[in-house]
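# Per-entry structural report
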Amino acid sequence: MACHRQGVLLHRLRCLCLVAPPPPPPSVRLKTPIASAAGKGSEIGDFLTTHPSVNCISFTGGDTGISISHKAGMVPLQMELGGKDACIVCSDADLDLAASHIVKGGFSYSGQRCTAVKVVLAMHDIADELVAKVQAGVAKLTVGRPEDNADITPVISEASATFIQGLVEDAREKGAEFLTEWRRNNNLISPVLLDRVTPDMRIAWEEPFGPVLPVLRVNSIDEAVHHCNSSNLGLQGCVFSRDINTAMRVSDAMQTGTVQVNAAPARGPDHFPFQGFRDSGIGSQGIKNSLAMMTKIKSTVINLDKESYTLG
């Protein structure tokens, strides 16, 4: 477990010594510190997040995190709740570099990463060349079992695969161009590359958490930034440009927790701050920030019977 999560775990081990009146269900009746609990999430989760002995909560997930924030009360929260990480490719970008990072960032772990590239926003004048390079990279990905070291392996569940299929079918109905063939075998989905995606398609906004990558063609950097910032999610993003001033201008304008310049989004070293805007989270991870979240500041003022310093 990475250092930025170890602190959270140690805190949980210390603070979840729970004795609750009235007694909870047997599956969650606790007398000693715990590291994990199994059972129905709605029972265990609500019990833990609302218990008066819990004095901070760290959570990684999606809508469940928003639900926790509504129930938790006056305790510090640290949450990473997913992203729709945008990749903005400027007209002056190194397209070979951008394409290789888009393929890696979009399809590693079968797209099941909060920091995966979830939408590509490409300038019109370089879109044809960029998409061709990305398509060539996707064609090299292998599909199969984890035991065979395949690049694309099954997504987490049948339910997840069905959700992804719904996004893809919506894009097909609304005119997206399929640059790969749709293939699904239970929860194994072959990589999907969609071109000429438009803002009215669900895939332009929703996080698939699977091997599906949409490309939107835009007329300007401002249009790309506007799309990025119009999302309810703002975890990470990236920008590709040979001009550092352009890259910094785009980075400053993107309302996301982290922006990578000329590289795909990534968690980064444990001491780096890791956070999201809007529905992507609350607070910031990283060793220093996690410790600060779990620290309560208290002041004691001692009043002496005579002055111990000179005023003025």
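Going by the structure above, here's the rest.
Throughout what follows, the structure given in this document is the object of discussion. (Residues numbered from 1 in each chain as written. Predicted model: local features only at pLDDT ≥ 70, side-chain atom pairs only at ≥ 80, totals over all residues. Heavy atoms only, no water.)

This next bit is on the overall build of the chain. In terms of regular secondary structure, the chain is built from nine helices and 16 strands. Surface accessibility of the chain: about 16,300 Å² in total, with carbon and sulfur atoms responsible for 55%. (Helix = DSSP H or I, 4+ residues; strand = E, 2+ residues; numbered from the N terminus. Areas by Shrake-Rupley, 256 points an atom, 1.4 Å probe, with all protein chains shown as cover.)

Looking now at the pairing of strand β4 (residues 119–123). The buried fraction of β4 is high, at five of five residues. The alternating pattern of β4 places Val119, Leu121 and Met123 on one face and Val120 and Ala122 on the opposite face, and all of these are buried. Across four bridges, the pairing between strand β3 (residues 86–89) and β4 is parallel. Paired with Cys87 across the two strands is Val120, which belongs to β4. (Buried < 20%, exposed > 50% of the residue type's maximum accessible area, 1.4 Å probe, protein only. Pairing = 2+ DSSP bridges.)

A separate point is the packing of helix α7 (residues 221–230) against helix α8 (residues 244–253). Following both chains from N to C, one finds α7 and α8 inclined at 30 degrees, their axes separated by 10 Å at the closest point. It follows that α7 is roughly parallel to α8 by the angle criterion. Note on packing geometry: the crossing formed by α7 with α8 is right-handed. Residues Ile221, Asp222, Val225 and Asn229 of α7 lie in contact with α8, whose contacting residues are Thr246, Arg249, Val250 and Ala253. Considering only residue class, the contact of α7 with α8 consists of four nonpolar, two polar and two charged. (Axes fitted to C-alpha atoms, helices over the stretch in contact; angles between N-to-C directions. Parallel < 35°, antiparallel > 145°, perpendicular 65-115°, else oblique. Left-handed = near helix turned anticlockwise from the far one by under 90°. Contact = heavy atoms within 4.5 Å. Nonpolar A, V, L, I, M, F, W, Y, C, P; charged D, E, K, R; others polar.)

Counted according to the given criterion, the structure contains 13 salt bridges. Where Arg196 meets Asp128, a salt bridge forms, and the shortest distance between an N and an O atom there is 3.9 Å. Of the two residues, Arg196 is situated in the loop between β8 (192–195) and β9 (212–218) and Asp128 in helix α5 (residues 124–139); the sequence distance between them amounts to 68 residues. The exposure class assigned to Arg196 is partly exposed, which follows from its relative accessible area of 43%. Here Arg196 ties to Glu177 by a salt bridge, and the two come within 3.3 Å at their closest N and O atoms. Linking Arg196 in the loop between β8 and β9 with Glu177 in strand β5 (residues 177–178), this pair joins segments that are 19 residues apart in sequence. Put simply, Asp128, Glu177, Asp195, Arg196 and Arg217 are held in one network by salt bridges that share partners. (Salt bridge = Lys/Arg side-chain N within 4 Å of Asp/Glu carboxyl O.)

Glancing now at the packing of aromatic side chains. Under the criterion given, the structure shown has zero aromatic pairs. Over the aromatic face of Phe178 sits the side chain of Arg172, whose NZ or CZ is 4.0 Å from the ring centroid. (Phe/Tyr/Trp six-rings, centres within 6.5 Å; stacked < 30°, edge-to-face > 60°. Lys NZ or Arg CZ within 6 Å of the ring centre and 35° of its normal.)

Attention now moves to α8. At 3.6 residues per turn, the α-helix brings residues three or four places apart onto the same side. Along α8, the residues classified as buried are Thr246, Ala247, Val250 and Ser251. Angularly, the buried residues of α8 cover 135 degrees about the axis, an arc narrow enough to put them on a single face. More than 90 degrees from the buried face of α8, the exposed residues found are Ile244, Asn245 and Asp252. Taken together, the buried residues of α8 touch β3, α7, β11 (236–240) and β12 (258–261). Between the side-chain oxygen of the N-cap and the backbone nitrogen of Asn245 there are 2.9 Å, and the N-cap of α8 in question is Asp243. (Arc of directions from axis to C-beta. Polar contact = N/O pair within 3.5 Å; in protein donor to acceptor, adjacent residues only side chain to side chain.)

On to empty space enclosed by the protein, then. For the coordinates displayed, the defined rule picks out one cavity of 30 Å³ or more. In this structure, the largest cavity encloses a volume near 30 Å³. What lines the largest cavity is simply Lys84, Ala86, Val119, Ala204, Trp205, His227, Cys228 and Ser231. Split by residue class, the lining of the largest cavity holds five nonpolar, two polar and one charged. (1 Å grid on protein atoms, 1.4 Å probe; cavity = no way out; pocket = protein on both sides within 12 Å on 5 of 7 lines; lining within 4 Å. Points joined across faces, edges and corners; volume = space filled by probe spheres on them.)

In this section: the sheet that holds strand β1 (residues 57–60). Within the open sheet, the three strands sit side by side as β1-β2-β15. Their pairing is mixed. Only two strands of the sheet have a single neighbouring strand rather than two, namely β1 and β15 (281–282). The pairing of strand β2 (residues 77–80) with β15 spans two bridges and is antiparallel. Within β15, the position partnered with Met79 by the bridge is Ile282.

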